[in-house]
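Commentary on secondary and tertiary structure
If you want the building blocks of each chain, they are given just below.
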Amino acid sequence: MTLSQRKDLILVVDDSVDSLSMIHHALEQAGLTALVAMEGAQAISIAEKMIPDLILMDAVMPTLDGFETCRRLKLHPELATVPIIFMTGLTDAEDVVRGLEAGGVDYVTKPVRPKELVARIRVHLSNARLALSAHTALDRLGQASFSTDAKGEWLWGTPQAEQWISITEEKRASPRKDLATQIQCWLARVPQSGDQLALNLPCTALRLRYLGEFTTDEHLFRLLHQDEDSEGLLLQNQLRLTRRESQVLLWIAQGKTNREIGQILELSPRTVNKHLEQVFRKLGVENRTSAAAMAFQCLTRT
């Protein structure tokens, strides 16, 4: 069976035999494959062996409740992006919030309505596939990219981003915690797409570029080396620009004004304009839009 033919795999976690039976039947009728677990530790063990496409999690279970099970699942890199829907008979808003804060994407109340449950599952499966496609595209481009929530908590990262951040973890530092604090403060200042931040992390010199809000409460970033502006070097080499001209062009491509570029590069707007005039002449263009288009073409064809 090919990947496109494989049925979506749903892990159902509930300590009620009757509830498991009903949900299992509803999922099978909808063309979904169901795995079942009756407690949290068992669910983690199953998920580690057969990574599900989505998890339905009972909130209240003995020994290891759904909230803690969810948190532990999210610690596994291969399971961190698997959407988890909580099933609960609890009506208190605080319990709903607990589920979402633990890493859940949605919740349904018991008794579960099969048609509503299947509809919600399909929505979150679709969203997860779209996110996976975006992540895969960034992986193939070799981008050191990652996303966080509004608190700066790491949600996912490309292999290159994981590698760069893990460098300091070998020295028993806490780079992700430090990174989260810096990102949370930065997001509070409402950065615009393209804005950059020098990171204060041990044992490495990185800066951060904000790429925007990827989905609701998911912010996308790209890591860059402080001492190696690969994009600037690429423009410099391929378009035969000076270092300053390539820096100016890079910021032009990100929609910055001469004044903003001057503040970033610590140049006067007049000096920025002189560099820009040389960029226009070397590229054979007459305006910022055409120069930016050439920059994008250069950066995206590599």
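That block above? That's the structure.
Residues numbered from 1 in each chain as written. Predicted model: local features only at pLDDT ≥ 70, side-chain atom pairs only at ≥ 80, totals over all residues. Heavy atoms only, no water.

1. A look at empty space enclosed by the protein
Selection criterion: Note on definitions: the grid is 1 Å and covers protein atoms alone; a cavity is a set of points where a 1.4 Å probe fits but cannot get out; a pocket is an open set with protein on both sides within 12 Å along at least five of seven lines; lining residues have an atom within 4 Å of a point. Grid points are joined across faces, edges and corners, and a volume is the space filled by probe spheres set on the points. Only DSSP runs of H or I with at least four residues qualify as helices, and only runs of E with at least two residues qualify as strands; both kinds are numbered from the N terminus onward. When residue character is reported, Ala, Val, Leu, Ile, Met, Phe, Trp, Tyr, Cys and Pro are called nonpolar, Asp, Glu, Lys and Arg charged, and the others, Gly included, polar.
Under the defined criterion, the tally for this structure stands at two cavities of 30 Å³ or more. Here the second largest cavity is characterised by a volume of approximately 40 Å³. Lining of the second largest cavity is provided by V108, T109, P111, V112, R113, E116 and L117. Put simply, the parts of the chain that give the lining of the second largest cavity at least two residues each are β5 (106–109) and α5 (114–140). Among the residues making up the lining of the second largest cavity, the classes are represented as four nonpolar, one polar and two charged.

2. Considerations on the pattern of salt bridges
Using the following cut-off: Salt bridges are counted wherever a side-chain nitrogen of Lys or Arg sits within 4 Å of a carboxyl oxygen of Asp or Glu. Each residue's exposure class comes from its accessible area (1.4 Å probe, protein chains only) as a fraction of the maximum for that residue type: buried when under 20%, exposed when over 50%, partly exposed otherwise.
Under the counting rule described, the total for this entry stands at nine salt bridges. Across the salt bridge formed by R98 and D65, the nearest N and O atoms sit 3.8 Å from each other. Remark: D65 occurs in the loop between β3 (54–58) and α3 (66–74) and R98 occurs in helix α4 (residues 93–102); sequence separation between them is 33 residues. With relative accessibility at 34%, the residue R98 sits in the partly exposed group. With relative accessibility at 24%, the residue D65 sits in the partly exposed group. Here D106 ties to R120 by a salt bridge, and the two come within 2.8 Å at their closest N and O atoms. Residue D106 is found in strand β5, and its partner R120 is found in helix α5; the two are separated by 14 residues along the sequence. Among the charged side chains, a salt-bridge network with shared partners connects D106, R113, E116 and R120.

3. Some remarks on helix α9 (residues 243–253)
The element α9 is largely enclosed, with a buried count of nine among its 11 residues. Those residues of α9 lying buried are E245, S246, Q247, V248, L249, L250, W251, I252 and A253. Immediately beyond the C-terminal end of α9, within one or two residues, lies G255, with a positive phi of roughly 80 degrees.

4. A short note on the packing of aromatic side chains
Note the cut-off: Between the rings of Phe, Tyr and Trp (Trp by its six-membered ring), a pair exists once the centres lie within 6.5 Å; its type follows the angle of the planes, with under 30 degrees stacked, over 60 edge-to-face, and the other angles tilted.
Across all of its chains, the model carries six aromatic pairs by this definition. With centroids separated by 4.6 Å and ring planes inclined at 0 degrees, the aromatic side chains of F146 and W154 adopt a geometry described as stacked. Summarising the burial analysis for this pair, F146 and W154 share the class buried. Aromatic side chains F146 and F221 sit 5.4 Å apart centroid to centroid with 25 degrees between the ring planes, which places their arrangement in the stacked category. Pair noted here: F146 is in strand β6 (residues 145–148) and F221 is in strand β10 (residues 218–225), with a separation of 75 residues, a long-range link. Pairwise contacts between aromatic rings join F146, W154, W186, Y210 and F221 into one cluster.

5. Let's talk about the packing of α9 against helix α10 (residues 258–265)
For clarity, the threshold we go by: Here an axis means a line fitted to C-alpha atoms, over the contact stretch when the element is a helix, while the angle between two N-to-C directions is reported on a 0 to 180 degree scale. The scheme is simple: roughly parallel for angles under 35 degrees, roughly antiparallel for over 145, roughly perpendicular for 65 to 115, oblique for anything else. In a left-handed crossing the near helix is turned counterclockwise from the far helix by less than a right angle, and in a right-handed crossing that turn is clockwise. We call two residues in contact when some of their heavy atoms are within 4.5 Å.
One can describe the packing of α9 onto α10 by two numbers: an axis separation of 10 Å at closest approach and a directional angle of 130 degrees. Between α9 and α10, the interaxial angle falls into the category oblique. For the element pair α9 and α10, the recorded crossing hand is right-handed. Between α9 and α10, the contacting residues are R244, Q247, V248, W251 and I252 on the first element and N258, I261, I264 and L265 on the second. Its residues placed into classes, the contact of α9 with α10 shows six nonpolar, two polar and one charged.

6. Brief notes about the pairing of strand β4 (residues 84–88)
Rules: Pairing between strands is defined by DSSP: at least two bridges between the two strands are required. By convention a crossover is right-handed if, when the strands point away from the viewer, the path from the first strand over the helix to the second runs clockwise.
The element β4 is extensively covered by neighbouring structure, given that five of its five residues are classed as buried. Both faces of β4 are covered, namely the face carrying I84, F86 and T88 and the face carrying I85 and M87. One ladder, built from four bridges, connects β3 with β4; its direction is parallel. Within β4, the residue paired with L56 across the bridge is I85. In this region the chain leaves β3, passes through α3 and returns to the parallel neighbour β4; the handedness of that crossover is right-handed. One ladder, built from four bridges, connects β4 with β5; its direction is parallel. Residue M87 lies in a different strand from β5, and its bridge partner there is V108.

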